[in-house]
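Listed below, chain by chain, are the residues.
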Amino acid sequence: MQTLEVRNIIKTFKLSKKQQKLEKTKEKLKVAVNDLSFTAYPGEIFGLLGPNGAGKTTCLRAISTLIKPDSGDIIVGGSSVVKDSMDVRGKIGFLTSELKLEDHFTPSYLFTYFGKLHGIDEELIEKRKTVLFSRFGIDDFREVKVGDLSTGMKQKASIAISLVHNPEFVIFDEPTNGLDVLTARSVTDYLVELKHEGKTVILSTHILSVVDKLCDKVGIIINGKMKICDTLENVKKSHPSNDLEEIFFDLIEEDELGGNA
Amino acid sequence: MMKNIATVFRKEFYRVVSDKRLIFTTILLPGLAIYLMYSFLGGAMGNEFEDIQSHEMIVYVENVPEDFSDYLDTLDLNVIYTDYVPSEHDELLDLILIGEVDLLLRFPTTFNSDIDGGILSDVLTYYNPGEKYSEFSYGVYMTELNTYRQSVAYDRYGEAFYVFTTDINNDEHIIIDEDKAIGQGFAMLLPMLIIMFLFSGAMSIGPDSIAGEKERGTIATLLVTPVKRSEIAIGKVLSLSVISLFSASSSFIGIILSLPKLLQGTGEEISMNIYSMGDFVMLFTVLLATVLVIVGIISIISAYAKTIKEASMLILPFYFLSIVMGMSTMFSGEAHSNIFIYLIPLYNSINIIISILTFEVVATQYILTIVSSLGYVVIFIIILNKLFESEKIMFSK
Ligand SMILES: Nc1ncnc2c1ncn2[C@@H]1O[C@H](COP(=O)(O)OP(=O)(O)OP(=O)(O)O)[C@@H](O)[C@H]1O
Ligand SMILES: [Mg+2]
């Protein structure tokens, strides 16, 4: 039951005049995610790979219930994002660069605050705080206001807070962005640990090496469409070079040809 | 349900009270500013009054009849008399124009014989209404001239002079309920100020708490927790309301403290202890309902706006509208009796506040005000909930 199933979701955005200019298009609508489907299983790390603007973040936001798909559905451990969005939010830990922490508060205060909103009792919150804060090296600045933290420190605090309720589903959008190698490593190590605990982990990235080292399954999205989705091994086997980078470039090239024709 | 509301409330409240800058600008500053402003104003008005009172009037006179002159001496006026010289007439008028001389009073040479002969005599006065001392002197001497005119007429005609008299033997001439008169004064002044204070308190924090969170991207972090949007809405509205009440109370205390200074010189004695505990309780419940309505309006606008700046701009028309509503009562100082008035948000509060201050509360009107205000708050929270649920509103780029 602890699978996460994305079923044929479509998400279209209306573009404002400003966005039309930015995207260099006259179209009023942008199909950000186009009939996307995949399933992630417990004990696995699923990697969403795609170039900038492919629709990775849009897909993850739909999973987190921040946005609703135009059609299709996502079933998170038996709960539908369309019908039981509250249940879904209780089961997932979601991280993206757009989810900011308030400058005025300290990581420690916010950890407790969000813990309470997840309905956890204070004793347990303190326990998890001790574990996660030492794990991500937050202890040194746990009582410093978020506004006074560096980008990397904020990212670490965000990660810890997104995991306050020990969620069964961990959905991280570019989790290692802005982190030094050391911290990036501690994050990826933790993701592997979560996987071994039997959690369902989904992460998005455009860094091929992260997928190569970390993921059990990979889905490559280009222009909102799932181009290929299989185990890392099978994806690699599908190409004579057996190299993820080659596959990635071939798919992009193929899409551009298709788009122009 | 209640737990999440309490959690959101506590955090929002803590956000303000743990920030020295916010405490100062939203809670201390309003009261302090009003106290200083009104004290200064009162002080200035008092000084002005004293200044005029203590000024030595400079009055030029010609042919003042002896009996009038004697009468003036008994009055103990603070004045210097100088005799008028006809050849310097134009120079004297120039001195009045520049404020060096306050008044010129000329009786005709034939004044006494005219009076005796029954000829209408014309007394000439020259003054400058643009100069405060001159204006004041003119007032003083016109009053005394009137008294003199009557005494002269009485001397000549005796009782027959009076066509009729008024209130010579009427002790109950002035029928006034002191408390009610004071209440009337409050009713003309306070409703507008109360609405203004509540509004400006809410305006100083509402946009930051909702539009600001949108702008800074922190609201999304809250929206991915398993908390109902309505709980977030209620938590925020409640904490904003409490802070707005603090802010308004601060302004209110500022006014009360500056009242004595504001009224100094006018010799009036005014205090709020004409009201009973029951009046205050009623006033407080109305304020509570009103602040919820105001915060509701401000929250909806702030949720709709993309930035703090946009929210502040969009709130302004509502702020002005509420001030206009408050002002409309300043002239009448009277509450409406039409029952439907008590269904209009904010306007109902203004009217019921007047009723309370003038001791004329009608129970149905009071209940209607409270119930309809709470009804509006429920509607506002439903709208706010919808706005929080809308991804277009929450994540528009
Ligand atoms: N709220 C929105 N309004 C309009 N267009 C949007 C909105 N959100 C996303 N888009 C568009 O949808 C497309 C997909 O965006 P998305 O953020 O999902 O890409 P991504 O794969 O996460 O890219 P990146 O690697 O740069 O993060 C883009 O063209 C983007 O401009
Ligand atoms: Mg992205």
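Calculation criteria
Residues numbered from 1 in each chain as written. Chains lettered and ligands numbered in written order. Predicted model: local features only at pLDDT ≥ 70, side-chain atom pairs only at ≥ 80, totals over all residues. Heavy atoms only, no water. Helix = DSSP H or I, 4+ residues; strand = E, 2+ residues; numbered from the N terminus. Rg over C-alpha atoms; globule rule 2.2 N^0.38 Å. Buried < 20%, exposed > 50% of the residue type's maximum accessible area, 1.4 Å probe, protein only. Contact = heavy atoms within 4.5 Å. Lys, Arg positive; Asp, Glu negative; His and termini not counted. Charge placed at Lys NZ, Arg CZ, Asp CG, Glu CD. Areas by Shrake-Rupley, 256 points an atom, 1.4 Å probe, with all protein chains shown as cover. Buried area = accessible area lost by both parts, 1.4 Å probe. Salt bridge = Lys/Arg side-chain N within 4 Å of Asp/Glu carboxyl O. Polar contact = N/O pair within 3.5 Å; in protein donor to acceptor, adjacent residues only side chain to side chain. Near = heavy atom within 4 Å. Patch = residues over 30% accessible without salt bridge, like charges linked within 9 Å, V, L, I, M, F, W, Y side chains within 5 Å. Pairing = 2+ DSSP bridges. Domains from an automatic or database assignment. Axes fitted to C-alpha atoms, helices over the stretch in contact; angles between N-to-C directions.

## Section: the overall build of chain A
(1) Moving on: In terms of regular secondary structure, chain A is built from 10 helices and 10 strands.
(2) Moving on: Over its C-alpha trace chain A gives a radius of gyration of 19 Å, about what one expects of a compact globule, namely 18 Å for 261 residues.
(3) Moving on: Out of the 261 residues belonging to chain A, those deemed buried represent 51%.
(4) Moving on: Considering only contacts in chain A between residues 6 or more positions apart, those separated by 24 or more positions represent 68%.
(5) Moving on: Side chains of chain A carry 35 positive and 39 negative charges; the gap between the two charge centres is 6 Å.

## Looking at the overall build of chain B
(1) Moving on: Along the backbone of chain B there are 14 helices and four strands.
(2) Moving on: Relative to the 2.2 N^0.38 estimate, which gives 21 Å for 397 residues, the radius of gyration of chain B is 31 Å and therefore markedly larger than a compact globule would have.
(3) Moving on: Based on the C-alpha atoms only, the size of chain B along its principal axes is roughly 100 × 50 × 30 Å.
(4) Moving on: Of the accessible surface of chain B, which amounts to about 20,900 Å², a share of 64% is contributed by carbon and sulfur atoms.
(5) Moving on: Separation of charge centres in chain B, based on 22 positive and 45 negative side chains, amounts to 35 Å.

## What about the interface of chain B and chain A?
(1) Moving on: Counting from both sides, the interface comprises 27 residues of chain B and, opposite them, 25 residues of chain A.
(2) Moving on: Between chain B and chain A, a total of about 2,600 Å² is buried, with carbon and sulfur atoms accounting for 62% of that surface.
(3) Moving on: Counting the surface chain B buries against chain A, the share from its top three residues, K11, V224 and P226 of chain B, is 24%.
(4) Moving on: Linking chain B with chain A are two salt bridges, by the criterion used here.
(5) Moving on: Here E102 of chain A and K11 of chain B are joined by a salt bridge, their closest N and O atoms 2.4 Å apart.
(6) Moving on: For the interface between chain B and chain A, the tally reads nine residue pairs in polar contact (both at pLDDT 80 or more).
(7) Moving on: Secondary structure elements with two or more residues in the side of chain B that touches chain A: α1 (2–17), α7 (178–216), α8 (219–223) and α14 (391–395) of chain B.

## Side note on the site of ligand 1
(1) Moving on: Near ligand 1, the surroundings consist of 18 residues, among which E23, G53, K56, T57 and T58 of chain A are the closest.
(2) Moving on: Each of chains A and B places residues near ligand 1.
(3) Moving on: Between an oxygen atom of ligand 1 and a main-chain N or O atom of G53 of chain A, the distance comes to 2.7 Å.
(4) Moving on: Between ligand 1 and T57 of chain A there is a distance of 2.6 Å, counted from an oxygen atom to a side-chain nitrogen or oxygen.

## Topic: the side chain of N351 of chain B
All names here are of chain B.
(1) Moving on: With respect to the helices, strands and loops of the structure, N351 is situated in helix α12 (residues 347–357).
(2) Moving on: Of note is the side chain of N351, whose polar atom sits 2.9 Å from the backbone oxygen of Y347.
(3) Moving on: Ignoring any residue separated from it by four or fewer positions in sequence, one finds N351 in contact with E334, A335, H336, I341 and Y342.

## Some details on a nonpolar patch on the surface
All names here are of chain B.
(1) Moving on: Residues F24, L28, L29, L32 and L36 make up a contiguous nonpolar surface patch of about 450 Å² in total accessible area.
(2) Moving on: If you trace the backbone, L28 turns up in helix α2 (residues 20–54).
(3) Moving on: Here L28 falls in the partly exposed class, since its relative accessible area comes to 49%.

## As for unusual backbone geometry
(1) Moving on: The backbone of N242 of chain A shows a phi angle near 60°, a positive value even though the residue is not glycine.
(2) Moving on: Take N242 of chain A: it is sitting in the loop between α9 (232–237) and α10 (244–260).
(3) Moving on: For N242 of chain A, a relative accessible area of 45% corresponds to the partly exposed category.
(4) Moving on: Look at D76 of chain B: it is not a glycine, yet its phi comes out positive at around 60°.

## Section: the sheet that holds strand β4 (residues 71–76) of chain A
(1) Moving on: Strands sit in the order β2-β1-β4-β5 (chain A) across an open sheet of four strands; the sheet is antiparallel. Of all strands in the sheet, those with a lone pairing partner are β2 (29–40) and β5 (79–80) of chain A, marking the two edges.

## Side note on the domain arrangement of chain B
How big an interface is tends to be stated in terms of the accessible area lost upon association of its parts.
(1) Moving on: The domain boundaries assigned to chain B delineate domain 1 (2–42 + 178–394) and domain 2 (54–162).
(2) Moving on: Taking only C-alpha atoms into account, the centre of domain 1 of chain B sits 56 Å from that of domain 2 of chain B.

## Remarks on the environment of L93 of chain B
All names here are of chain B.
(1) Moving on: As for its position among the elements, L93 is in helix α4 (residues 89–97).
(2) Moving on: We classify L93 as partly exposed; its relative accessible area is 30%.
(3) Moving on: Along the chain, L93 and Y126 lie 33 residues apart, while their C-alpha atoms are 7.8 Å from each other.
(4) Moving on: The residues contacting L93, other than those within four sequence positions of it, are L104 and Y126.

## Concerning the environment of G147 of chain A
Residue and element names in this part refer to chain A.
(1) Moving on: Mapped onto the secondary structure, G147 falls in the loop between α5 (122–135) and α6 (151–162).
(2) Moving on: Taking the relative accessible area as the measure of exposure, G147 reaches 35% and is therefore partly exposed.
(3) Moving on: Sequence separation of G147 and L15 is 132 residues, and the distance between their C-alpha atoms is 32 Å.

## Examining the sheet that holds strand β7 (residues 169–173) of chain A
Residues and elements named next belong to chain A.
(1) Moving on: Taken in spatial order, the six strands line up as β6-β7-β8-β3-β9-β10 in an open sheet, and their pairing is mixed. Whereas interior strands pair on both sides, the edge strands pair on one side only; in this sheet they are β6 (92–95) and β10 (225–231). Neighbour-to-neighbour, the strand axes of the sheet open up by a mean angle of 15°, direction not taken into account.
(2) Moving on: Relative to β10, strand β9 (residues 217–222) runs antiparallel, the two being bridged by six bridges. Across the sheet, V218 pairs through a bridge with D230, a residue of β10.
(3) Moving on: Most of the contacts of α6 go to β6, to which it runs at about 165°, and overall it touches β6 and β7.

## Some details on α12 of chain B
The α-helix advances 3.6 residues per turn, and as a result positions three or four apart in sequence lie on the same side.
All names here are of chain B.
(1) Moving on: Burial within α12 is extensive, with 11 of its 11 residues counted as buried.
(2) Moving on: If you check which residues of α12 are buried, you get Y347, N348, S349, I350, N351, I352, I353, I354, S355, I356 and L357.
(3) Moving on: Those residues of α12 hidden inside the fold are in contact with α7, α10 (277–304), α11 (308–332) and α13 (363–389).

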